Amino acid sequence: MNEKKLFKQLKNGKKVTTYYKLSDQITYTIHLSYDSSVFIVHSYNFDGDDVMVEEYYKDEKITEFLDFGAMINHLESKFPNVRID
């Protein structure tokens, strides 16, 4: 993960989306953003075929960080070896 590039992208208002494959059947979608001096990680496992059905969103979490380093530590601990390009 190129942390410097990611920091610049988020600070310049770009939202970054990546995916993390936990197993053959579980893939997390991870959205990263920056808003009002807060770094935001929104992650969930979508297990269904209709995005309008809320029950298909499993283990959904929105976590906010004031510090970029804390966000990176969170990503690395919750999603080891996650690729963010």
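Above this note sits the structure.
Let me begin by describing the structure that accompanies this report. Fair warning: this is a prediction, and the values are worked out from it, not measured in the lab.

## A few points about the packing of aromatic side chains
- As enumerated under the stated definition, the model contains eight aromatic pairs in all.
- Consider the rings of tyrosine 34 and phenylalanine 39, whose centres lie 4.6 Å apart with planes at 50 degrees: the pair is tilted.
- Here tyrosine 34 falls in the partly exposed class, since its relative accessible area comes to 22%.
- Judged by relative accessible area, phenylalanine 39 falls into the buried class, the value being 4%.

## What to know about the environment of isoleucine 40
- With respect to the helices and strands, isoleucine 40 occurs in strand E3 (residues 38-46).
- The exposure class of isoleucine 40 is buried, given its relative accessible area of 17%.

## Observations concerning the pattern of salt bridges
- With the rule as written, the count across this model stands at one salt bridge.
- Between aspartate 59 and lysine 61 there is a salt bridge, with the nearest N and O atoms lying 2.5 Å from each other.
- In this structure aspartate 59 comes out as partly exposed when scored by relative accessible area, which is 34%.

## Some remarks on the environment of serine 37
- Inspection of the secondary structure assignment puts serine 37 in the loop between strand E2 (27-35) and E3.
- Once the C-alpha coordinates of serine 37 and isoleucine 84 are considered, the two residues, 47 residues apart in sequence, prove to be 21 Å apart.

## Here we look at the sheet that holds E3
- Spatial strand order, E1-E2-E3-E4: four strands in an open sheet with antiparallel pairing. In this open sheet, the two edge strands, each paired with only one partner strand, are strand E1 (16-21) and strand E4 (57-65). Strand after strand, the sheet turns through a mean of 15 degrees between neighbouring axes, direction not considered.
- As paired strands, E1 and E2 are joined by six bridges and run antiparallel to one another. From the neighbouring strand, tyrosine 20 faces E2, where its bridge partner is tyrosine 28.
- Helix H1 (residues 3-11) contacts E1, E2 and E3 of the sheet and is inclined by roughly 60 degrees relative to E2.

The rules behind each value
Residues numbered from 1 in each chain as written. Predicted model: local features only at pLDDT ≥ 70, side-chain atom pairs only at ≥ 80, totals over all residues. Heavy atoms only, no water. Phe/Tyr/Trp six-rings, centres within 6.5 Å; stacked < 30°, edge-to-face > 60°. Buried < 20%, exposed > 50% of the residue type's maximum accessible area, 1.4 Å probe, protein only. Helix = DSSP H or I, 4+ residues; strand = E, 2+ residues; numbered from the N terminus. Salt bridge = Lys/Arg side-chain N within 4 Å of Asp/Glu carboxyl O. Pairing = 2+ DSSP bridges. Axes fitted to C-alpha atoms, helices over the stretch in contact; angles between N-to-C directions. Contact = heavy atoms within 4.5 Å.

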